[in-house]
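Coordinate analysis (summary)
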Amino acid sequence: GNSVTQMEGPVTLSEEAFLTINCTYTATGYPSLFWYVQYPGEGLQLLLKATKADDKGSNKGFEATYRKETTSFHLEKGSVQVSDSAVYFCALSSGTGNQFYFGTGTSLTVIP
Amino acid sequence: SAVISQKPSRDICQRGTSLTIQCQVDSQVTMMFWYRQQPGQSLTLIATANQGSEATYESGFVIDKFPISRPNLTFSTLTVSNMSPEDSSIYLCSVVVLEAFFGQGTRLTVV
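All of the points below concern the structure found in this document.

Rules of the game
- Residues numbered from 1 in each chain as written.
- Chains lettered and ligands numbered in written order.
- Predicted model: local features only at pLDDT ≥ 70, side-chain atom pairs only at ≥ 80, totals over all residues.
- Heavy atoms only, no water.
- Disulfide = S-S within 2.5 Å.
- Helix = DSSP H or I, 4+ residues; strand = E, 2+ residues; numbered from the N terminus.
- Buried < 20%, exposed > 50% of the residue type's maximum accessible area, 1.4 Å probe, protein only.
- Pairing = 2+ DSSP bridges.
- Axes fitted to C-alpha atoms, helices over the stretch in contact; angles between N-to-C directions.

Our next topic: the state of the cysteines. Enumeration over the complete set of coordinates arrives at two disulfides over all chains. Disulfide pairing places Cys23 of chain A opposite Cys90 of chain A at an S-S distance of 1.9 Å. Across the disulfide from Cys23 of chain A to Cys90 of chain A, rotation about the S-S bond amounts to roughly -70°, and the bridge is consequently left-handed. Of this pair, Cys23 of chain A sits in strand β4 (residues 23-26) while Cys90 of chain A is found in strand β10 (residues 86-93), placing the two residues 67 residues apart along the sequence. Across the pair, exposure class does not vary: Cys23 of chain A and Cys90 of chain A are buried alike. Across the disulfide, Cys23 of chain B is cross-linked to Cys93 of chain B (sulfur-sulfur distance 1.8 Å). Disulfide Cys23 of chain B-Cys93 of chain B: torsion about the S-S bond near -90°, hence left-handed.

The following block contains the structure:
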């Protein structure tokens, strides 16, 4: 079946630190992979995505590379800001339908 | 893309009552998804709503507790029935148009 395993939080970093949030998946077929972000008091919004192996998604300084060989889609940012404080969800879409599968979410707090 | 208007944004309800949540999408979509997000947890899919047929419920969710309507391709409602404090959560509707789009959520508190 389809599932997403995400690094548990919470994660607390100092401003300008390097961020990695691990995400691995199991899927049938050829899934698309996503990172969603939920800022405090807001709904989920797409951060970045990758639709096939070796694709790199990027947005707002965040990057993630679709690694089929390790079934991973780790989120990285070289220098986090206080405004990056949010909950991050890794997700996949199986491609055979419209259903999404979400990880448990990782709460990130960036302190000045 | 898709823009979803969800309401109410929040409510405080008495136990034993029911609340209906509405989602309006700005384009026609075949499927709409309803999720529950309990405090500090991930999204749990409640059901998938197709226009013109009964919703498909995930394990642990039943139609009597969470009846869903889908009268057309742009609108759906989820009712949380006979509420108890355990139903306190954020409820989200979602559609997929190449990516998942979400409503702003309904924060429900049952007292």
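Next comes the rest of the description.
Residues and elements named next belong to chain B. Within the open sheet, the four strands sit side by side as β1-β3-β8-β7. Their pairing is antiparallel. In the strand order of this sheet, the two ends are held by β1 (4-7) and β7 (68-72), each with one partner. Recorded for the sheet is a direction-independent mean angle of 15° between the axes of neighbouring strands. Examined bridge by bridge, β1 and strand β3 (residues 19-25) share four bridges and lie antiparallel to one another. Residue pairing for β3: Gln6 is matched across the bridge by Cys23.

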